[in-house]
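Each chain, letter by letter, is given below.
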Amino acid sequence: MRIAVLSRNKNLHSVRRLLKECRARRVECDVINPLECQLVVDGKQSRIVVAGRILPHYDAILPRIGASITEYGLAVVQQFETMGVFTVNSCEAIAQSRDKMSCLQILAGAGLRVPKTVLTRSRRSLENAVNAVNGLPTILKVLQGTQGVGVMLIHTPISLGSVFDTLQGLGQDVMIQQFIAEAAGRDYRAFVVGDRVVAAMMRTAPEGEFRSNIHRGGQGQLVRLKPEIERAAVRAAKKLGLLVAGVDLMESDTGPLVIEVNSSPGFEGIERATGLNIAGMIIQFIKKEANRRKRSRRRI
Ligand SMILES: Nc1ncnc2c1ncn2[C@@H]1O[C@H](COP(=O)(O)OP(=O)(O)OP(=O)(O)O)[C@@H](O)[C@H]1O
Ligand SMILES: [Mg+2]
C-alpha cells in the first residue's frame, strides 16, 4: 500500500504523527508539497510532476491543505481525482466545508441545526441582519478563518458598523451569527473518521476569552458525547462528503448546534486530551477503504 499526504511541511506535528503510524502499519507514505506540483492535463497522459519527476500511482491521497493555499491545493486534489486516485477528502468536500457560509447552508439544507447566521454586503440592512440573529452582542466571522482568527464578538452598534466597514474594505465577506452566550466559552470538537466519531473533547475558553480554540489557549478534555451530538457530528461530515473531519458543535438553549466543519483538523490537542491514537485510526481507515475500493474496481 502506498499513500501520500498533501502538506507543505513534513515537520508539522500532524504529518509526523501520520508518518509514524504509516511506518507502524507498513504503509509507504510520501509527503507531497502541493505548491511543488505541476499539473499536466493531457488526456489519458494527465499527470502530476514534482521536481521534473512524474509522481507514481498512489492507493490514496490524504489532503492536509492549509487555509492559505486553498485554491492551488484544491486544484492538486482535483487532478488526483481526475486521474482516478482515491482522495480521502475530495476537492468538492474540502471546498464546501472550508467556506463557512457554504458549510452552514449545506448543513441547514440537510436539516442539521446550526446557529442563526446572515451573510450580507449591505451596510444599510446591517441592523436587520443583527435583529435576525437575536440582536447584540453578536458574532462576526470572515468566511475562511481558522484557529479562532477571524471570529469577533461585537457588543455595540458602533463597533458593528466600524468592524463591518473595515472587513468589507479589506474585501472580506462577513457572516453575522447569533452569539451562543449560554455556552459560556465551551464547545465540542468531534473527530470523525469514516462514518463514526473516533474521539471527542470539550474545549473551554481561557478567562477573558470567548473562543475555545486550543490555539487561543483553550483547554481540551476527553468527553463522551450525548448520542444526538454524536449523530449530528457524523451527519455533518457525511453531508459535506468528508471522511476525515473535525466538527465543532456548541450546546445552546435550543439544543446542540453545528458551528463549522474542518477538513484538515489538527490532532495534537485532541490526542493529548483523549490519549487516543487518532493518527493511527486515520491510517487504519485509509488502508481498509483503499483496499475496499481496489477490490470493487477489480470486480467491475
Ligand atoms: N456563534 C458563536 N457563539 C459563541 N461562540 C462562538 C460562536 N462561533 C464560534 N464561537 C467560538 O469561537 C471559536 C472559533 O470559532 P470557529 O470554530 O467558527 O472558527 P475557526 O477559527 O474556524 O476555528 P477552527 O480552528 O476550528 O477552524 C469556537 O470554537 C467557539 O469557541
Ligand atoms: Mg472551529
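Residues numbered from 1 in each chain as written. Chains lettered and ligands numbered in written order. Predicted model: local features only at pLDDT ≥ 70, side-chain atom pairs only at ≥ 80, totals over all residues. Heavy atoms only, no water.

Participant: Would you mind showing me how to read the packing of helix 3 (residues 91-98) against helix 4 (residues 100-109) here?
Facilitator: Packed helix pairs are specified by the crossing angle of their axes together with the interaxial distance, meaning the distance between the axes. Interaxial distance between helix 3 and helix 4 falls to 5 Å at its minimum, and their mutual angle equals 100°. As far as their axial angle goes, helix 4 and helix 3 are roughly perpendicular. On helix 4, the residues that touch Ala95, Gln96, Ser97 and Arg98 of helix 3 are Lys100, Ser102, Cys103 and Ile106. (Axes fitted to C-alpha atoms, helices over the stretch in contact; angles between N-to-C directions. Helix = DSSP H or I, 4+ residues; strand = E, 2+ residues; numbered from the N terminus. Parallel < 35°, antiparallel > 145°, perpendicular 65-115°, else oblique. Contact = heavy atoms within 4.5 Å.)

Participant: What's the story with the site of ligand 1 in this structure? I'm lost.
Facilitator: As a matter of local geometry, ligand 1 sits amid 25 residues, with Gln147, Gly148, Asp187, Glu260 and Asn262 nearest to it. In this structure, Glu260 approaches ligand 1 through a side-chain N or O atom, which is 2.7 Å from an oxygen atom. Within the complex, the protein chains bury 97% of what would otherwise be the 610 Å² of accessible surface of ligand 1. Those elements that place two or more of their residues in the shell around ligand 1 are strand 8 (138-146), strand 9 (149-154), strand 10 (174-178), strand 11 (186-193), strand 14 (244-252) and strand 15 (255-262). (Near = heavy atom within 4 Å. Polar contact = N/O pair within 3.5 Å; in protein donor to acceptor, adjacent residues only side chain to side chain. Areas by Shrake-Rupley, 256 points an atom, 1.4 Å probe, with all protein chains shown as cover.)

Participant: Help me understand the sheet that holds strand 13 (residues 219-222) in this model?
Facilitator: Adjacent strands of a sheet form backbone hydrogen bonds with each other and so pair up, either parallel or antiparallel. Sheet architecture is open: five strands sit in the order 13-12-11-14-15, paired in antiparallel fashion. Pairing within the sheet leaves two strands with one partner each, and these edge strands are strand 13 and strand 15. Strand-to-strand twist in this sheet, taken as the mean axis angle between neighbours without regard to direction, amounts to 30°. Pairing analysis gives six bridges linking strand 11 to strand 14, with the strands arranged antiparallel. (Pairing = 2+ DSSP bridges.)

Participant: Just to check I follow, could you spell out unusual backbone geometry for this structure?
Facilitator: Across the chain, the bulk of peptide bonds are trans and the bulk of non-glycine residues have phi less than zero. Leu136 connects to Pro137 through a cis peptide bond whose omega is -10°. Here Pro137 shows up in the loop between helix 5 (126-132) and strand 8. At Arg26, a position not held by glycine, the phi torsion is positive, near 50°. As for its position among the elements, Arg26 is in the loop between helix 1 (13-24) and strand 2 (28-32). Residues other than glycine seldom take positive phi values, yet Ala184 does so here, at roughly 50°. Within the secondary structure layout, Ala184 lies in the loop between strand 10 and strand 11.

Participant: Explain the coordination of the magnesium ion (ligand 2) here, please?
Facilitator: When a metal holds four donors in a tetrahedron, each ideal angle between them is 109.5 degrees; when it holds six in an octahedron, the ideal angles are 90 or 180 degrees. Around the magnesium ion (ligand 2), the donor atoms from the protein are Asp248 (OD) and Glu260 (OE), and they sit 1.9 to 2.0 Å away. Placement of the pair is Asp248 in strand 14 and Glu260 in strand 15, with a sequence separation of 12 residues. Each member of the pair Asp248 and Glu260 is classed as buried. (Donors = N, O, S within 2.8 Å, 3.2 Å for Na, K, Ca; no water. Buried < 20%, exposed > 50% of the residue type's maximum accessible area, 1.4 Å probe, protein only.)

Participant: Looking at this structure, I do not really get the sheet that holds strand 8. What am I missing?
Facilitator: Reading across the sheet, the four strands line up as 7-10-8-9 and stay open at both edges, with antiparallel pairing between neighbours. Strands at the two margins of the open sheet, each flanked by one partner only, are strand 7 (117-120) and strand 9. Taking each pair of neighbouring strands and ignoring which way they run, the sheet shows an average axis angle of 25°. Sheet topology places strand 8 next to strand 10; five bridges connect them, and they run antiparallel. What sits directly across from Leu140, in strand 10, is Ile176. Where helix 4 meets the sheet, its contacts fall on strand 7, strand 8, strand 9 and strand 10, and the angle it forms with strand 8 comes to roughly 105°.

Participant: Quick question: what am I supposed to make of the side chain of Ser212 here?
Facilitator: Within the secondary structure, Ser212 sits in the loop between strand 12 (196-204) and strand 13. Overall, Ser212 belongs to the buried group, its relative accessible area being 5%. For Ser212, the contacting residues outside a window of four places in its chain are Gly185, Asp187, Arg203, Thr204, Ala205 and Gly218.

Participant: Explain the pattern of salt bridges here, please?
Facilitator: Oppositely charged side chains can form a pair if their charged atoms are brought close together. A full pass over the atoms with the stated rule returns 17 salt bridges. Across the pair Asp30 and Arg2 runs a salt bridge, and its minimum N-O distance is 2.9 Å. Separated by 28 residues along the polypeptide, Asp30 in strand 2 and Arg2 in strand 1 (residues 2-6) bring together distant segments of the chain. Arg2 gets classed as partly exposed once you look at its relative accessible area, which sits at 26%. Taking the shortest distance from any N to any O, the salt bridge between Arg47 and Asp42 comes out at 3.5 Å. On the basis of relative accessibility, which here comes to 39%, the residue Asp42 falls in the partly exposed class. (Salt bridge = Lys/Arg side-chain N within 4 Å of Asp/Glu carboxyl O.)

Participant: Which parts of the structure should I look at to understand a positive patch on the surface?
Facilitator: A surface patch of like charges, here positive, comprises Arg295, Arg297, Arg298 and Arg299. Tracing the backbone shows Arg298 in helix 9 (residues 278-299). (Patch = residues over 30% accessible without salt bridge, like charges linked within 9 Å, V, L, I, M, F, W, Y side chains within 5 Å. Lys, Arg positive; Asp, Glu negative; His and termini not counted. Charge placed at Lys NZ, Arg CZ, Asp CG, Glu CD.)

Participant: Would you mind going over the pairing of strand 2 with me for this structure?
Facilitator: The two faces of a sheet get side chains in turn, since along a regular strand they alternate between them. Sheet topology places strand 1 next to strand 2; five bridges connect them, and they run parallel. Looking across to strand 2, one finds that Ala4 is bridged to Asp30. At this point the chain moves from strand 1, through helix 1, to the parallel strand 2, and the crossover so formed is right-handed. (Right-handed = clockwise from strand over helix to strand, strands pointing away.)

The values are spatial; any link to function lies outside them.
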